[in-house]
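This is what each chain is made of:
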Amino acid sequence: MPHADVCIAGAGIIGLSLALELHHRGAHVLVLDQGEPLSEASTAAAGMLAASDPDNPLRLRGLSDLSLSLYPSFLDRIASLSGIDVPLHTSTTLQALPQHLLDTIPAADTLSPQTLSLLLPQLVPGERRFILLPEHSLDPRELAVALLRAVRATTIDLRPRIAIHHLSATSGIEVHTSAGVFSSSLFVDCTGAWSLTSHLLPHLRVTPRKGQMLSVALPPSFPLHLVVRTPEVYVVPRTQGPAALRAIIGATVEDAGYDKTVYPEAITRLRDHAAALLPPLAEAGQIETWAGLRPATQDTLPILGSIPGRPNHFLATGHYRNGILLAPATAHVMAQLLNRESPSIDLVPFSPERNPTPGNKAY
């Protein structure tokens, strides 16, 4: 029976980032995925490293800041193994304040109409108040190519198209699959919206939250170099490489189960929101549409830790809209937990034993 120190279920951004971190620490790692690596939410995302997004829960900030601090070394490791540099496409976000913050931030701390006009003359702000955030973005598809090549350059045992049927505990964990039985000392569920074993936490569900999106060709007269984000829509430009002069427009947030159908009326609404904000986008040619399934918990915080009563069985899932942002920090703190080390930050907000309040955004 093949044996690994750690078996990871799920070869998305979270699972493969954790595999690289554990491999770096000397572990023998097996990664199983029921489909193809990095083919779901990991490459459906827009790629904003949005640690300062005012719509994020406040309790996410420590993990987000840790991840930002780790991102340079994360990309360096991927580049050294893959030979591919993953570029950052933007460094600034023009953020419209959501309704719940309008009364908490003085008007003097928001950008004046004159400043907005200098930053982005094409912007039609309406009644919105904007702030400027130092925030990078990258292309998740570029990251996926480099990350997968990096993993394959190591001794990580990556096995796609293998379905996991069930687990059994002996001295370690036996993983019963469509390709036979594997054994490992530790098991980590990184299956995202498919939440292979989160049913073991009946108080803390992981469910798919659908997002429909599109990409457009930016008009030559409108070279966009920053992200524009409001509560209704975001526009994320690609500024270099093969996708240069494109922009990602997104995204819906839907409780639609595992339906990934793209509906023209949803895409039209997104386009209308984007064109009302940035009129040159009304003439932008549509390139592609798609939908992804974000893994969401009731309080929109990830689950990081071991399942109660199962000290060798861990979860790293529920990253909702921030899987790309949180991948380096998740890999870092989960590797610490798996090695029985004290984590770099307090993980209580992400504990599998927490009792979330439904609908609580944790502001």
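Conventions we followed
- Residues numbered from 1 in each chain as written.
- Predicted model: local features only at pLDDT ≥ 70, side-chain atom pairs only at ≥ 80, totals over all residues.
- Heavy atoms only, no water.
- Helix = DSSP H or I, 4+ residues; strand = E, 2+ residues; numbered from the N terminus.
- Contact = heavy atoms within 4.5 Å.
- Pairing = 2+ DSSP bridges.
- Axes fitted to C-alpha atoms, helices over the stretch in contact; angles between N-to-C directions.
- Disulfide = S-S within 2.5 Å.
- Buried < 20%, exposed > 50% of the residue type's maximum accessible area, 1.4 Å probe, protein only.
- Parallel < 35°, antiparallel > 145°, perpendicular 65-115°, else oblique.
- Nonpolar A, V, L, I, M, F, W, Y, C, P; charged D, E, K, R; others polar.
- Salt bridge = Lys/Arg side-chain N within 4 Å of Asp/Glu carboxyl O.
- Left-handed = near helix turned anticlockwise from the far one by under 90°.
- pLDDT = per-residue confidence, 0-100.

This brings us to the side chain of S215. Along the chain, S215 turns up in strand β9 (residues 207-217). Ignoring any residue separated from it by four or fewer positions in sequence, one finds S215 in contact with A247, I248, G285, Q286, I287, E288 and W290.

Another aspect to go through is the sheet that holds strand β11 (residues 234-238). Here seven strands make up an open sheet; going across it, the order is β4-β3-β10-β11-β12-β9-β13 and the pairing mixed. Strand pairing shows two members of the sheet lacking a second neighbour, β4 (130-138) and β13 (285-296), which therefore form its edges. For this sheet, the mean angle separating the axes of adjacent strands, direction not counted, is 25°.

Cysteine pairs can be linked by a disulfide, which is a covalent bond between their two sulfur atoms. In this structure the tally under the stated criterion is zero disulfides. Summary of cysteine pairing: C7 is not part of a disulfide, and the nearest cysteine sulfur, belonging to C190, is at 9.9 Å. Judged by its relative accessible area of 1%, C7 falls in the buried class.

As a further point, take the packing of helix α3 (residues 61-82) against helix α7 (residues 323-338). In contact at an axis separation of 7 Å, α3 and α7 are set at 90° when each is read in the N-to-C sense. The orientation of α3 with respect to α7, classified from their angle, is roughly perpendicular. From α3, L63, S64, L66, S67, L68, L70, Y71 and F74 reach across to α7, where they touch I324, L325, L326, A327, P328, A329, H332 and V333. Partitioning the contact of α3 with α7 into residue classes produces 13 nonpolar, three polar and no charged.

Alignment of strand β6 (residues 164-169) against strand β7 (residues 173-177), held across five bridges, turns out to be antiparallel. The partner of S168 across the bridge, within β7, is E174. The hairpin formed by β6 and β7 contains three residues between the paired strands.

Tallied over the entire structure, the rule returns 16 salt bridges. For E21, the salt bridge is made with R77, and the minimal N-O distance between the two is 2.9 Å. Taken together, the residues span a long stretch of sequence, with E21 in helix α1 (residues 13-24) and R77 in helix α3 at a distance of 56 residues. The class of E21 is buried, set by a relative accessible area of 14%. Overlapping salt bridges bring together E21, R25, R77 and E341 as one network.

Turning our attention to the packing of α1 against helix α5 (residues 140-152). The N-to-C vectors of α1 and α5 enclose an angle of 40°; their axes lie 10 Å apart at closest approach. Judged by the inter-axis angle, α1 sits oblique to α5. Where α1 crosses over α5, the handedness of that crossing is left-handed. Touching I13, L16, S17 and L20 of α1 are L143, L147, L148, A150 and V151, all from α5. Taken together, the residues of the contact of α1 with α5 break down into eight nonpolar, one polar and no charged.

Averaged over every residue, the pLDDT of the chain is 94; residues scoring 70 or more account for 96%. Throughout residues 359-363 the model reports pLDDT below 50, and contacts reaching past four residues in sequence, or to other chains, amount to 15 contacts.

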